[in-house]
2 protein chains.
Amino acid sequence: MTSKNQEVPYKIYLTEDELPKYWLNMRPDLPNKPAPMLHPGTLKPCTPEDLYPVFCEECVAQELNGADSLVEIPEAVRNFYRMYRPSPLVRAYCLEEILDTPAKIYYKFEGSNTSGSHKLNSAIAQVYYAKQQGITALSTETGAGQWGTALAMACAYFGIDLKVFMVKISSQQKPYRKAVMETYGAQVIPSPSDTTAAGRKILEAMPDTGGSLGCAISEAIEVSAGTAHSRYVLGSVMNHVLLHQSVIGLEVEAAMEKYGIKPDVIIGCAGGGSNLGGLIAPFMSKKLKGQADTRFIAVEPASCPSFTRGRFAYDFGDTGQTTPLVKMYTLGSGFIPDTNHAGGLRYHGMNSVLSQLYHDGFMEARSYRQNDVFEAASLFARSEGTLPAPESSHAIKAAIDEALACKESGEEKTILFGLSGTGYFDMAAYMAYNAGTLTDDIPSDEALARGFATLPPVE
Amino acid sequence: MTSKNQEVPYKIYLTEDELPKYWLNMRPDLPNKPAPMLHPGTLKPCTPEDLYPVFCEECVAQELNGADSLVEIPEAVRNFYRMYRPSPLVRAYCLEEILDTPAKIYYKFEGSNTSGSHKLNSAIAQVYYAKQQGITALSTETGAGQWGTALAMACAYFGIDLKVFMVKISSQQKPYRKAVMETYGAQVIPSPSDTTAAGRKILEAMPDTGGSLGCAISEAIEVSAGTAHSRYVLGSVMNHVLLHQSVIGLEVEAAMEKYGIKPDVIIGCAGGGSNLGGLIAPFMSKKLKGQADTRFIAVEPASCPSFTRGRFAYDFGDTGQTTPLVKMYTLGSGFIPDTNHAGGLRYHGMNSVLSQLYHDGFMEARSYRQNDVFEAASLFARSEGTLPAPESSHAIKAAIDEALACKESGEEKTILFGLSGTGYFDMAAYMAYNAGTLTDDIPSDEALARGFATLPPVE
């Protein structure tokens, strides 16, 4: 198939005893620390007690922990990880050959579990901590459905009740995702719904909205906040989620070390940032310590361009403006993106650590339009076999562009990207792309201005 | 999670240099050879020339090769295998714990490629041989859609045109399967269709039929047979397909040898027999040579019970009665099973080698009803994470029953089953099961008699 030296196998798997025993927290290595999370009422930095009514205590501790580089992975979580990890680090020999590029392309494939994505890495950790604390129910939101599925799987495993608010447009595009969550015992509610005050308020203002992650978050928080038995869990954006996802990058690092591979460019799609942040964690820490000069590229949809057209400002995490304020790249909590099939990337904000890294020039960002992304997805599917998630396909598109640039320049760069999930529940999107009917809108400056107008007046 | 000794990892992966370089043909080891395939006109044993108008020459050679135990896997096929193989051999620690059984349960998981099943193992081989022969187009049938998807992936990889006749009821239950095949460039036609004489004949007799694999085979053969540029390919039943699928069992054997594991019972679901035949190949050869006393169990749906209620007789492979005659366990080519969501198991016949092995007492068979199978599937999904295909869930049900029998008897048996695929495109079935609306009919004796009446009068 390829004339290249194939001493590196198609897929590198770690053995069980090579699997990470600690998660990696990037924050201690940042030269400029992310601004503290602020209480929305007092505008003072959040204390752990401020967050306990919403999140599990251990997640709060991890969220606010900027000091410890390493956090031990609990044994029960490592046991669950062993059911579906390590994920393979794949050398994309066939894609390289089709592109006729001197670049070496690797991808870390997180999609070969039933949730279909990396989300399970944090879901199982958060459910474990809830169980430890005596919590019996959880609530969350889901966009594309991958997070909701992952959480349903984790809750089924530990015997915890789950209520999932699913972005309405996604629940319509993906009825079978809903069915998977229900098979794992979760209750799935399209959002905005009339079951919460936040949902009813949004429905009143925009009865025909397809919803957004921001709306769904408001609803999911509302049903848990302040209750004794239930807590809210979030699948991205938060620092403790990035911490759990560092297992991705740590496995890559260990696998690459076995074969003496050093990545020149690392690429990940960025919605709330958990997949990207997890993938880059150990490599970014090395860069921040001056031990490597890796390039990092965050890729987002042109329809929801938090990095590339957003502002670095304090903002709410949800549309209902109930969460603590986070300093991040944001389009404003009132921004509602045009229809886009990468439901997992339809979020107005971005993790605060990644925002700081981008702001300080340690990471690049770019955006792509939907049709270009699906073109890359189809090429990848046909050459490498796996049908990718629309979200992950943003990273594929950037990796292909980088590899083609190498073809132009003759450079033999090593490119690593995160294949965060599969597209098996996204076939409506592929059908639209195949039929040439995929909408491909990007927000006007006016639409962005309307979003920015919802930013709170906080410096 | 479990108190058992965990020296065996959750998942055993072979390294690339441990992957099989040869497929294994069971036929040389059979004490009674399968009866020869007969030409439907002359009723004489088929010659290679009889089959060349339909199948690729190399597949014909393999089909008729009862002498060679080992057949080399071409390098191009091994390269493609490396994109998605080895598949993991998984120790079902969590399922064991939930069942509280002393049994050790292993499963070989073939579902972590985009086709979602083992079918890709033979698809890529058959497409490779077609390409070698200068064939530019292929036609086939698909039931659940797994074979069609696998073949679409293989055809996309080697640049071959593909026409897929998809059992109508499956194409209605699984529109997204169709979309996956189309994304890989295949043309998908619900069967019976009005594009072939065979399809029109069946539609005339039964305008409302949901179709069957037998019908779809007739149509797929018709469009290729006798043409210069196109050939027909089949995803199961045939001996050359079982040969390619032996890669499953050979990987299991190598993985088990690394850890000194010996299976006492091996279980597989059986539609046409390719997954089962591939899984058991090396172990059955050992049994036939007197080197092991492994039990083998074929599991089929009660709605289409070829082994457990069928006859061992010469029969056609297709409803249109155009194929050579094969001596096999069959319900008659005119048998059309009740609606059942295990589309891959809705075939009236069974591979001839497996039929001979069953007839000679080297293998057991049992059937299960649909609701019991989905109950096992849900338990498996919740404990082991992976959401199984309805077909594979027949094997899960049998493995659970065997493990519970061990609990009863206190025996620490080692149980191996084939998890041939995932259920991600079968959510309509899971939705029906969750809602309690799954039909669960089994054929009456009269329905069976109508099928047997279509058997040809050949001894």
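Each remark here, short or long, concerns the structure printed above.
First things first, this report covers the structure right here in the doc. For clarity, every value in this text was computed on a predicted model and none was experimentally measured. (Residues numbered from 1 in each chain as written. Chains lettered and ligands numbered in written order. Predicted model: local features only at pLDDT ≥ 70, side-chain atom pairs only at ≥ 80, totals over all residues. Heavy atoms only, no water.)

Residues and elements named next belong to chain B. Two elements in contact, helix α2 (residues 57-64) and helix α11 (residues 239-258), have axes separated by 7 Å at closest approach and are oriented at 90°. Taken as axis vectors, α2 and α11 run roughly perpendicular relative to one another. In contact with C59, Q62 and E63 of α2, α11 contributes N239, H240, L243 and H244. (Axes fitted to C-alpha atoms, helices over the stretch in contact; angles between N-to-C directions. Helix = DSSP H or I, 4+ residues; strand = E, 2+ residues; numbered from the N terminus. Parallel < 35°, antiparallel > 145°, perpendicular 65-115°, else oblique. Contact = heavy atoms within 4.5 Å.)

Moving on to the pattern of salt bridges. Throughout the structure, instances matching the rule amount to 36 salt bridges over all chains. With a closest N to O distance of 3.3 Å, D401(A) and K397(A) form a salt bridge. Note that D401(A) and K397(A) are positioned in helix α16 (residues 390-409) at a spacing of 4 residues, about one turn of the helix. Linking E96(B) and R91(B) is a salt bridge whose minimum nitrogen-to-oxygen distance equals 2.6 Å. Judged by its relative accessible area of 1%, E96(B) is buried. (Salt bridge = Lys/Arg side-chain N within 4 Å of Asp/Glu carboxyl O. Buried < 20%, exposed > 50% of the residue type's maximum accessible area, 1.4 Å probe, protein only.)

Along any regular strand, the residues point their side chains to alternate faces of the sheet. All names here are of chain B. Within strand β15 (residues 414-419), 6 of the 6 residues are buried, which leaves it mostly tucked inside the rest of the structure. Here β15 shows no split at all, with T414, L416 and G418 on one side and I415, F417 and L419 on the other all buried. Alignment of strand β5 (residues 104-109) against β15, held across 6 bridges, turns out to be parallel. Among the inter-strand pairings, Y107 is bridged to a residue of β15, identified as F417. (Pairing = 2+ DSSP bridges.)

Residues and elements named next belong to chain A. Within the secondary structure, L243 sits in helix α11 (residues 239-258). Taking the C-alpha atoms as reference, L243 lies 8.3 Å from V71; in sequence the two are 172 residues apart. Each residue touching L243, except ones within four places of it in the same chain, is listed here: W23, L24, N25, Q62 and V71.

The final tally for this structure, using the stated rule, is 0 disulfides over all chains. With no disulfide of its own, C304(A) lies 12 Å from the sulfur of C215(A), the closest cysteine sulfur. The cysteine C269(B) is free of any disulfide, with C304(B) supplying the nearest cysteine sulfur at 13 Å. Residue C269(B) is classed as buried on the basis of its relative accessible area, which comes to 5%. (Disulfide = S-S within 2.5 Å.)

All names here are of chain B. Read from one edge of the open sheet, 4 strands run β8-β7-β6-β9, paired in parallel fashion. Among the strands making up the open sheet, the edge pair consists of β8 (187-191) and β9 (230-232). Going from strand to strand, the sheet's axes swing by 20° on average, the running direction of each strand aside. The pairing of strand β7 (residues 161-167) with β8 spans 5 bridges and is classified as parallel. When the bridges of β8 are listed, M166 appears paired with P190.

What follows is about the interface of chain B and chain A. Counting residues at the interface gives 46 residues for chain B, matched by 45 residues for chain A. When chain B packs against chain A, close to 4,100 Å² is buried across both sides, 61% of that on carbon and sulfur atoms. Linking chain B with chain A are 0 salt bridges, by the criterion used here. Our count for the contact surface shared by chain B and chain A stands at 20 residue pairs in polar contact (both at pLDDT 80 or more). Every element with two or more residues in the side of chain B that touches chain A is listed here: α3 (75-84), α6 (146-158), α8 (175-183), α15 (370-384) and α17 (427-434) of chain B. Its residues assigned to classes, the side of chain B that touches chain A comprises 26 nonpolar, 13 polar and 7 charged. (Buried area = accessible area lost by both parts, 1.4 Å probe. Polar contact = N/O pair within 3.5 Å; in protein donor to acceptor, adjacent residues only side chain to side chain. Nonpolar A, V, L, I, M, F, W, Y, C, P; charged D, E, K, R; others polar.)

This part takes up the side chain of K168(A). Along the chain, K168(A) turns up in helix α7 (residues 168-173). Apart from residues no more than four positions distant in its own chain, K168(A) is found in contact with P190(A), S191(A), P192(A), L203(A), T209(A) and G210(A).

Okay, the sheet that holds strand β9 (residues 230-232) of chain A next. Residues and elements named next belong to chain A. A sheet is described by the order of its strands in space; here 4 strands give the open sequence β8-β7-β6-β9, paired in parallel fashion. What marks the edges here is a single partner per strand, and that holds for β8 (187-191) and β9. Mean inter-strand twist for the sheet, computed between neighbouring axes without regard to direction, equals 20°. Both strand β6 (residues 137-142) and strand β7 (residues 161-167) contribute to a ladder of 6 bridges, which runs parallel. Paired with T142 across the strands is M166, a residue of β7. Across the face of the sheet, helix α10 (residues 213-224) comes into contact with β6, β7, β8 and β9 while running at roughly 170° to β6.

What follows deals with the packing of aromatic side chains. Evaluated as defined, the whole model comprises 39 aromatic pairs over all chains. On the numbers, 5.6 Å between centres and 50° between planes, the contact of F55(B) with Y232(B) is tilted. Taken as a pair, F55(B) in the loop between α1 (48-51) and α2 and Y232(B) in strand β9 lie far apart in primary sequence, 177 residues in all. Among the residues examined, F55(B) registers a relative accessible area of 7% and is labelled buried. Between the aromatic rings of Y81(B) and Y84(B), the centroid separation amounts to 6.2 Å while the plane-to-plane angle is 90°, which identifies the pairing as edge-to-face. In this pair, Y81(B) and Y84(B) are both assigned in helix α3, 3 residues apart and thus about one turn of the helix distant. As far as the burial class goes, Y81(B) and Y84(B) line up, both buried. Through successive ring pairs, a cluster of aromatic residues spans F80(A), Y81(A), Y84(A), Y128(A), Y129(A), Y157(A) and F158(A). Lying across the ring of F452(A), R311(A) places its NZ or CZ 4.0 Å from the centre. (Phe/Tyr/Trp six-rings, centres within 6.5 Å; stacked < 30°, edge-to-face > 60°. Lys NZ or Arg CZ within 6 Å of the ring centre and 35° of its normal.)

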